[in-house]
Amino acid sequence: MSENDDVADSSGNDHAADDLTHTTGEGDVQMVDVGDKPDSERRAVAAGEIRLQPSTIEAIRADQVGKGDVLATARVGAIQAVKHTWETIPMCHQIPITNVDTDFSLAEDRIELRVAVETTGKTGCEMEALEGVTTGLNVVWDMVKAVEKDDAGQYPDTGIENVRVLTKEKQRA
């Protein structure tokens, strides 16, 4: 493919290869240079859910899960993941995190986690918010897997779903 060949992205839009920001015309991977961008106050909120058995939700509410406090542990995991996003997502800039808020909502058969991340810098923080959500929900799964397994050792009622960015904001600093 030459550097002038058109490439379709996942939305079906055509882009010239020159417009791709994470690869060179030769196909080499590169980090986007944000050095000339002005600092902005940025905030992103992401959310996701883990589907669980109602009995597991009740055990979490009653703090009766053998491994310990599920939501406190998941909160720590979510915050740690936000702080380390740049280490796990290729070409993601290391950004100064100024605040992380986590909010768990328990329903009859699921837990929703919302993670809000704030930074002042040259690039957004939506990947950090998403990383916080996915890791926080993975920690919930890890904490409850013993009670979620069926007799065959499988997880037919357990699933992480609906992970998405809810909002993304940017204001000049």
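Residues numbered from 1 in each chain as written. Predicted model: local features only at pLDDT ≥ 70, side-chain atom pairs only at ≥ 80, totals over all residues. Heavy atoms only, no water.

Caption draft 1: Representation of the overall build of the chain. Helices and strands together make up the secondary structure of the chain, namely four helices and six strands. Secondary structure elements in the chain, listed N-terminal to C-terminal, are β-β-β-α-α-α-β-β-α-β. Residues classed as buried in the chain amount to 32% of the 173 residues present. Looking at the chain alone, contacts between residues at least 24 apart form 70% of all its contacts between residues at least 6 apart. Accessible area for the chain stands at about 9900 Å²; split by element, carbon and sulfur atoms hold 46% of it. (Helix = DSSP H or I, 4+ residues; strand = E, 2+ residues; numbered from the N terminus. Buried < 20%, exposed > 50% of the residue type's maximum accessible area, 1.4 Å probe, protein only. Contact = heavy atoms within 4.5 Å. Areas by Shrake-Rupley, 256 points an atom, 1.4 Å probe, with all protein chains shown as cover.)

Caption draft 2: Spotlight on the packing of aromatic side chains. The full count for this structure, using the stated rule, is one aromatic pair. Both rings, one in Trp141 and one in Tyr155, keep their centres 5.5 Å apart while their planes meet at 75°; by these two values the pair is edge-to-face. Within this pair, whereas Trp141 is found in helix α4 (residues 126-148), its partner Tyr155 is found in the loop between α4 and β6 (159-172), the two being separated by 14 residues in sequence. (Phe/Tyr/Trp six-rings, centres within 6.5 Å; stacked < 30°, edge-to-face > 60°.)

Caption draft 3: Region of interest: empty space enclosed by the protein. Counted under the stated rule, the structure contains one cavity of 30 Å³ or more. Roughly 30 Å³ of internal volume is contained in the largest cavity. Val82, Lys83, Thr85, Trp86, His93, Ile95, Ile97 and Glu128 together form the lining of the largest cavity. Taken together, the elements giving at least two residues each to the lining of the largest cavity come down to α2 (70-83) and α3 (85-88). (1 Å grid on protein atoms, 1.4 Å probe; cavity = no way out; pocket = protein on both sides within 12 Å on 5 of 7 lines; lining within 4 Å. Points joined across faces, edges and corners; volume = space filled by probe spheres on them.)

Caption draft 4: Broad picture of the pairing of strand β4 (residues 97-106). In the sheet, β4 pairs with strand β5 (residues 110-121) via nine bridges, with the strands oriented antiparallel. Looking at the pairing, Phe104 lines up with Leu113 of β5. In this antiparallel pair of consecutive strands, β4 and β5, the connection spans three residues. (Pairing = 2+ DSSP bridges.)

Caption draft 5: Spotlight on the pattern of salt bridges. As enumerated under the stated definition, the model contains eleven salt bridges in all. With a shortest N-O distance of 3.2 Å, Glu161 and Arg110 are connected by a salt bridge. Of the two residues, Glu161 sits in strand β6 while Arg110 sits in strand β5, which places them 51 residues apart along the sequence. Residue Glu161 is classed as partly exposed on the basis of its relative accessible area, which comes to 26%. When salt bridges with common partners are traced through the structure, they connect Glu49, Arg51, Asp109, Arg110 and Glu161 into a single cluster. (Salt bridge = Lys/Arg side-chain N within 4 Å of Asp/Glu carboxyl O.)

Caption draft 6: Region of the structure containing the sheet that holds β4. On the basis of which strands lie adjacent, the open sheet formed by four strands has the order β4-β5-β3-β6 and antiparallel pairing. Sheet topology places β4 and β6 at the edges, where each strand pairs with a single neighbour. For this sheet, the mean inter-axis angle between neighbouring strands, taken without regard to orientation, is 15°. On the sheet, α4 packs against β3 (40-51), β4, β5 and β6 and is oriented at approximately 25° with respect to β3. (Axes fitted to C-alpha atoms, helices over the stretch in contact; angles between N-to-C directions.)

Purely geometric stuff here, so don't read any function into it on its own.
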